[in-house]
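In case you want the letters, here they are:
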Amino acid sequence: MREHRVDVAIIGSGTAGMSAYRAALAHTSSVLAIEGGPYGTTCARVGCMPSKLLIAAAEAAHAVAEAGRFGVCVDAPARIDGTAVMARVRSERDRFVGFVTEAVEGWAPEHRLRGWARFIAPLTLEVSGADAQAHRVHAERIVIATGSEPHIEPAWAAALGERLIRNDELFDWHDLPRAVLVLGTGVIALELAQALHRLGVRVRVLGRSQRVGPLTDPALQALARELFGAELALSLNQPTPRLRRTGEEVLLELDGRTERFDYVLAAAGRRPRLSGLGLEHSGLMLGPDGLPAYDRHTGQIGTAPVFIAGDANGERELLHEAADEGRIAGDNAGRWPDVRVRPRRAPLAVVFSDPQMAIAGHSHAELRAAGKAFLAGHVSFADQGRSRVMGVNRGALHVYAAQGSGRLLGAEMLGPRAEHLAHLLAWSVQRGDTVQEMLDSPFYHPVIEEGLRTALRLLQRDLRMGPPPVERCLDCGPGA
Ligand SMILES: Cc1cc2nc3c(=O)[nH]c(=O)nc-3n(C[C@H](O)[C@H](O)[C@H](O)COP(=O)(O)OP(=O)(O)OC[C@H]3O[C@@H](n4cnc5c(N)ncnc54)[C@H](O)[C@@H]3O)c2cc1C
Ligand SMILES: NC(=O)c1ccc[n+]([C@@H]2O[C@H](COP(=O)([O-])OP(=O)(O)OC[C@H]3O[C@@H](n4cnc5c(N)ncnc54)[C@H](O)[C@@H]3O)[C@@H](O)[C@H]2O)c1
């Protein structure tokens, strides 16, 4: 047993762990970053980056398939070379992973320990080291940055064996399969199912409820169901799918028919990766859900010198949140006991589907739950000028503002270039802009942002803070 005594131990060297390491190091050189799995982060290895690479290939295929609408004739149907698609996904992914790995491997060797950590007592960890040696780490302060793992029903695993895959396995494929069943209708399900479908894979998406994607505004939920249902084979309200394995295939019994698939992709949500961490020996305060009860402005768990960051806290499983939380937790672990409160950014989440979905600031459901007095301004992209020009005129945007002050509180969107509009909206929410201040800002022509202006004008009218917008405003430019 090798003993280590350090000021700060960080469990997990993903995005949150890496930023915690840098922040803690500004206060003390006695830092130990413990990693059980491969370096390279979930985002770069099996998350954000490879999923966007697969989506980029699907977008290229879709552009070819849609070219005829513009009079651009591609005479034969495009042939998708699955091995070339996956070769690009893997090689670009490996490039991103390489940069991250290089950064971690550049840290001082005495700051790094490979192996799985678990608490054996408060502030004491045991690490079964990759060097086959057992390590005991006594830390003055600890940061938990262990990430998340996909939810897998034991029955699926038992019935399907290695035909049940997670996102991790998908990005290691060397070719595209013929058919994939996707379990879940959330973010991962929609991004990957649509990409595979557009790359010629036969896909069915099974949802246990009516919900499709993360939007909470009932009208936008209904629109998401309609738009994704028009393109994908969506089977909703299927809480207990009848699945069985035969040879190398999986059979789904649905509506009296049997459908065959090569793989079943589990995309049924992710959970903090805390089991096996020995939290029961940590002395930490756990909430009713069994997760550490922590302060999102300090990262601190109760009053202990232990902090939590990234997907491990189960709050917002997003890259930029993991990086921020890592910085806050690492800084506070480093400066302990002078724990500082840090402001958080306005919420922002984007789904890279087509049309894209986004929530900026507070969602409709959050505003309702908080009992806020708010009004919504709406715009449909069906007739929006630039969206029609580009043939991407599907979807709608809802913006929410406080009654009385007219301040923007949040927005939900399903539509073209939502990733960009959502940034503008989140920035406005964070600054505390009023609808009038947003309307006083420049709007170019012809751009998709003109759709936002329409929604803001309608909202300003309903707030009784502005005139009714002019129908078919010609001085705004045709189709604005
Ligand atoms: C398919 C997919 C697509 C995504 N796309 C996006 C996107 O487009 N945009 C976005 O913002 N977010 C996206 N995300 C979410 C984003 O990837 C995560 O929010 C982010 O990577 C979380 O970082 P983290 O540091 O908390 O966890 P991780 O990067 O997973 O790091 C946790 C680390 O802890 C290690 N670890 C765990 N337990 C122990 C232990 N006991 N001992 C030692 N080490 C341990 C793990 O091996 C791991 O390396 C996506 C996620 C997935 C799965
Ligand atoms: N573009 C992005 O930023 C991006 C992309 C991918 C993932 N992510 C992050 O990763 C997180 C996890 O993604 P996700 O798609 O796994 O989760 P999700 O919460 O978006 O969706 C989970 C889905 O699984 C279903 N589900 C839950 N339990 C189930 C069960 N027992 N049986 C069948 N279905 C079940 C839910 O009904 C839902 O459809 C996201 O919340 C997001 O924060 C972000």
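Keep in mind it's a predicted model, so treat the numbers as computed, not measured.

Q: It is not clear to me how the packing of helix H3 (residues 48-66) against helix H7 (residues 187-198) should be interpreted in this structure. Could you clarify?
A: Any two packed helices are characterised by the angle at which their axes cross and by the distance between the axes. Viewed as axis vectors pointing N to C, H3 and H7 meet at an angle of 40°, and their least axial separation amounts to 8 Å. Here H3 is positioned oblique relative to H7, judged by the angle of their axes. H3 and H7 meet at a crossing whose hand is left-handed. Residues Ser-51, Lys-52, Leu-54, Ile-55, Ala-58, Ala-61 and His-62 of H3 touch H7, and the partners they reach there are Glu-191, Leu-192, Ala-195, Leu-196 and Arg-198. When grouped by side-chain class, the residues that make up the contact of H3 with H7 number 7 nonpolar, 2 polar and 3 charged.

Q: Where do I start with the sheet that holds strand E17 (residues 348-351) in this structure?
A: Two modes of strand pairing occur in sheets, parallel and antiparallel, and in both the strands are linked by backbone hydrogen bonds. Strand order in this open sheet of 5 strands is E17-E18-E21-E20-E19, and the pairing throughout is antiparallel. One side of each edge strand has no neighbouring strand; the edge strands of this open sheet are E17 and strand E19 (374-380). When strand polarity is set aside, the average angle formed by the axes of neighbouring strands in this sheet is 10°. Inspection of the sheet shows E17 paired to strand E18 (residues 356-361) by 4 bridges, in the antiparallel sense.

Q: Explain the nonpolar core to me, please; I cannot follow it from the model alone.
A: Grouped burial of nonpolar side chains is what soluble globular proteins tend to show. Judged by nonpolar contacts, the single largest core of 44 residues is most densely connected at Leu-54, Leu-170, Val-182 and Leu-196. When contributions to this core are tallied by element, the ones reaching two or more residues are H3, helix H4 (82-105), strand E8 (179-183), H7, strand E9 (202-206), helix H8 (218-231), strand E14 (263-266) and E18. Looking at which element gives the most residues to this core, the answer is H7, with 6 residues. Shared between two domains, this core holds at least three residues of each, these being domain 2 (154-269) and domain 3 (348-463). Ignoring any residue separated from it by four or fewer positions in sequence, one finds Leu-196 in contact with Leu-54, Leu-170, Trp-173, Leu-176, Val-180, Val-201 and Val-203. In terms of nonpolar packing, the next biggest core, distinct from the first, is built from 28 residues, Val-399, Met-413, Ala-422 and Leu-459 among them.

Q: Honestly, the domain arrangement of the protein in this entry has me stumped. Any pointers?
A: You'll often see interface size given as the accessible area lost when the parts meet. Looking at the assigned domains, one finds that the protein contains domain 1 (2-37 + 115-150 + 271-335), domain 2 (154-269) and domain 3 (348-463). Its C-alpha centre places domain 2 at a distance of 30 Å from the equivalent point of domain 3. Tallying the contact residues gives 18 residues for domain 2 and 20 residues for domain 3. Across the interface of domain 2 and domain 3, roughly 1,500 Å² is buried in total on both sides, 69% from carbon and sulfur atoms. Scanning the region where domain 2 abuts domain 3 turns up 1 salt bridge. In this structure, Arg-198 engages Asp-354 in a salt bridge whose closest nitrogen and oxygen atoms are separated by 2.8 Å. Remark: the boundary between domain 2 and domain 3 carries 9 residue pairs in polar contact (both at pLDDT 80 or more). Broken down by secondary-structure element, the contributors of at least two residues to the side of domain 2 that touches domain 3 are H7 and H8. In terms of residue class, the side of domain 2 that touches domain 3 is made up of 11 nonpolar, 3 polar and 4 charged.

The rules we used
Residues numbered from 1 in each chain as written. Chains lettered and ligands numbered in written order. Predicted model: local features only at pLDDT ≥ 70, side-chain atom pairs only at ≥ 80, totals over all residues. Heavy atoms only, no water. Axes fitted to C-alpha atoms, helices over the stretch in contact; angles between N-to-C directions. Helix = DSSP H or I, 4+ residues; strand = E, 2+ residues; numbered from the N terminus. Parallel < 35°, antiparallel > 145°, perpendicular 65-115°, else oblique. Left-handed = near helix turned anticlockwise from the far one by under 90°. Contact = heavy atoms within 4.5 Å. Nonpolar A, V, L, I, M, F, W, Y, C, P; charged D, E, K, R; others polar. Pairing = 2+ DSSP bridges. Core = buried A, V, L, I, M, F, W, Y, C linked by side-chain atoms within 4.5 Å. Buried < 20%, exposed > 50% of the residue type's maximum accessible area, 1.4 Å probe, protein only. Domains from an automatic or database assignment. Buried area = accessible area lost by both parts, 1.4 Å probe. Salt bridge = Lys/Arg side-chain N within 4 Å of Asp/Glu carboxyl O. Polar contact = N/O pair within 3.5 Å; in protein donor to acceptor, adjacent residues only side chain to side chain.

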